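Structural characterization, general
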Amino acid sequence: MWSDQIESDPVPKGETIFPRNHLLRSLPRDELERLVPLLHVFPLSRRRILQHAGVPIDHVYFIEDGLISVLAKTDDCDAVEVWLIGRDGVVGSEALLGIETTTLSHFVQIGGSALRIAVRDLNCAMSKSSNLRAALHGYVHAALMQSSQSAACSLKHAFEQRLARWLLTAQDRVELDALPITQELLARSLGVHRPTVSATFKVLQGRGIFVKERGLIRIVDRSALERLACRCYRTMALSRNLWQRSETRRKLVVALSVLGAVLEVELWVQ
Ligand SMILES: [Zn+2]
């Protein structure tokens, strides 16, 4: 069962902050400086629920370090992961759409830290900054695309491919060579039994793709992992940071995505 205890450590007041979060880093310096007094450093303790399902969303968390699994409940005592959040995003994005609660839980898979801001403060800042608005709305769109692709992946692709996609995505989010993750949590996240993860780990280790080191998984052959992953990884990577690209490139990526979807439907109905 997922832990549902919330971290209640006091939040130190943020003073000078140099964000590592991609959304914050994308802002012009003057806009970031106006936002900094509203941000507070918040520790992310491993195996905690950062945002509970059904609980009002009071704060938005810009992830600085660590990895958050967004979980959809599948029965009374279990849940599966529908997308991952790292330095690329925020927890609490539903609040940006005016939604007060979510049916999803946000579980700290890898500990780290976040910059927390009250929803009312963020809404006020967004009303004054088109750059902040574009970054956050773009992220909401990317998260929707990723959760949709994740659902499709679970239905269509082999576990080995899904595991490769997960490891690549996790590494992209945390920007670490070695990932502090356990087979148990990985099995729960991907909705499989632990022996399935263990057997696939043995195969991938045998191919020299990664090694296990005292609770860490060190990826040593990322190219091999990319060849192994299903195309969902590339589709998800394409949707990341789409908002940061020029309008021409955004339109091109969307057009190619639509074209790809149409071709797949054509092939499917034949
Ligand atoms: Zn897939």
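Below you will find a few notes about this structure. Since we're looking at a predicted model, the values are computed, not measured.

Conventions used here
Residues numbered from 1 in each chain as written. Predicted model: local features only at pLDDT ≥ 70, side-chain atom pairs only at ≥ 80, totals over all residues. Heavy atoms only, no water. Helix = DSSP H or I, 4+ residues; strand = E, 2+ residues; numbered from the N terminus. Buried < 20%, exposed > 50% of the residue type's maximum accessible area, 1.4 Å probe, protein only. Contact = heavy atoms within 4.5 Å. Areas by Shrake-Rupley, 256 points an atom, 1.4 Å probe, with all protein chains shown as cover. Phe/Tyr/Trp six-rings, centres within 6.5 Å; stacked < 30°, edge-to-face > 60°. Donors = N, O, S within 2.8 Å, 3.2 Å for Na, K, Ca; no water. Tetrahedral: all angles 85-135°; square planar, octahedral: opposite > 155°, others 65-115°. Core = buried A, V, L, I, M, F, W, Y, C linked by side-chain atoms within 4.5 Å. 1 Å grid on protein atoms, 1.4 Å probe; cavity = no way out; pocket = protein on both sides within 12 Å on 5 of 7 lines; lining within 4 Å. Points joined across faces, edges and corners; volume = space filled by probe spheres on them. Expected span 1.5 Å × (residues − 1). Pairing = 2+ DSSP bridges. Axes fitted to C-alpha atoms, helices over the stretch in contact; angles between N-to-C directions. Parallel < 35°, antiparallel > 145°, perpendicular 65-115°, else oblique. Left-handed = near helix turned anticlockwise from the far one by under 90°. Lys, Arg positive; Asp, Glu negative; His and termini not counted. Salt bridge = Lys/Arg side-chain N within 4 Å of Asp/Glu carboxyl O. Polar contact = N/O pair within 3.5 Å; in protein donor to acceptor, adjacent residues only side chain to side chain.

**Focus on the overall build of the chain**
- Secondary structure assignment for the chain yields ten helices and nine strands.
- Split into buried and exposed, the 270 residues of the chain put 46% on the buried side.
- Considering only intrachain contacts with a sequence separation of at least 6, the fraction spanning at least 24 residues in the chain is 74%.
- Entry remark: accessible area of the chain is about 13,700 Å², with carbon and sulfur atoms responsible for 54%.

**Here's the deal with the packing of aromatic side chains**
- Summed over all chains, the structure comprises two aromatic pairs.
- The interplanar angle of 65 degrees and the centroid separation of 5.3 Å between the aromatic rings of F42 and Y61 together place this pair among those described as edge-to-face. With F42 in strand β1 (residues 40–44) and Y61 in strand β3 (residues 59–75), this residue pair connects regions lying 19 residues apart in the sequence. Taken individually, F42 and Y61 each receive the classification buried, so the pair is uniform in this respect.

**Here we look at the coordination of the zinc ion**
- Protein coordination at the zinc ion comes from C153 (SG), H157 (ND1), C230 (SG) and C232 (SG), with a distance range of 2.1 to 2.4 Å.
- If you look at the zinc ion, its four donor atoms make angles of 97 to 122 degrees with each other, and the shape they trace is tetrahedral.
- Sequence spacing of the donor residues for the zinc ion, all on one chain, is C-x3-H-x72-C-x1-C.

**Quick word on the nonpolar core**
- Formed by 38 residues in total, the largest nonpolar core has its most connected members in F62, L122 and L136.
- Residues within four places of F62 in sequence aside, it is in contact with N21, L23, L24, L39, G89, V90, A114, L115, I117, L122 and L136.
- Within the second largest apolar cluster, 28 residues are counted, among which are L163, A164, W166 and I217.

**Quick look at the environment of V36**
- Here V36 is to be found in the loop between α2 (29–35) and β1.
- With a relative accessible area of 12%, V36 lands in the buried category.

**Digging into empty space enclosed by the protein**
- A complete count under the given rule lists two cavities of 30 Å³ or more for this structure.
- When its volume is computed, the largest cavity comes out at roughly 80 Å³.
- In terms of lining residues, the largest cavity is bounded by E81, V82, W83, L84, Q146, S150, R165, W166, T169, R173 and M236.
- Among the secondary structure elements, those contributing two or more residues to the lining of the largest cavity are β4 (78–85), α4 (130–156) and α5 (159–174).

**Focus on α4**
- Taking 1.5 Å per residue, 27 residues should reach 39 Å; α4 reaches 39 Å between its end C-alpha atoms and fits that length.
- Within α4, burial applies to L132, A135, L136, G138, Y139, V140, A142, A143, Q146, S147, S150 and C153.

**Brief notes about the sheet that holds strand β7 (residues 178–179)**
- In spatial order, the strands read β7-β9-β8; together these three strands make up an open sheet with antiparallel pairing. Of all strands in the sheet, those bounded by a partner on one side alone are β7 and β8 (210–213).
- Where β7 and strand β9 (residues 216–219) come together, two bridges link them in antiparallel fashion. Across the sheet, residue A178 finds its bridge partner in β9, namely R218.

**Quick notes on the packing of α5 against helix α6 (residues 183–190)**
- In the contact formed by α5 and α6, the axes pass within 12 Å of each other and the chain directions differ by 110 degrees. When the axes of α5 and α6 are compared, the pair comes out roughly perpendicular. At the point where α5 passes α6, the crossing takes the right-handed sense. Contacts between α5 and α6 involve F159, R162, L163 and W166 on the former and, on the latter, L186, S189 and L190.

**Concerning the side chain of E94**
- Take E94: it is sitting in the loop between β5 (90–91) and β6 (104–118).
- Buried charge without a partner: E94 forms no salt bridge, and the closest opposite charge is R173, 14 Å away.
- A polar atom in the side chain of E94 sits 3.4 Å from the side chain of T102.

Note that every value here comes from positions in space, so none of it alone points to a role or purpose.
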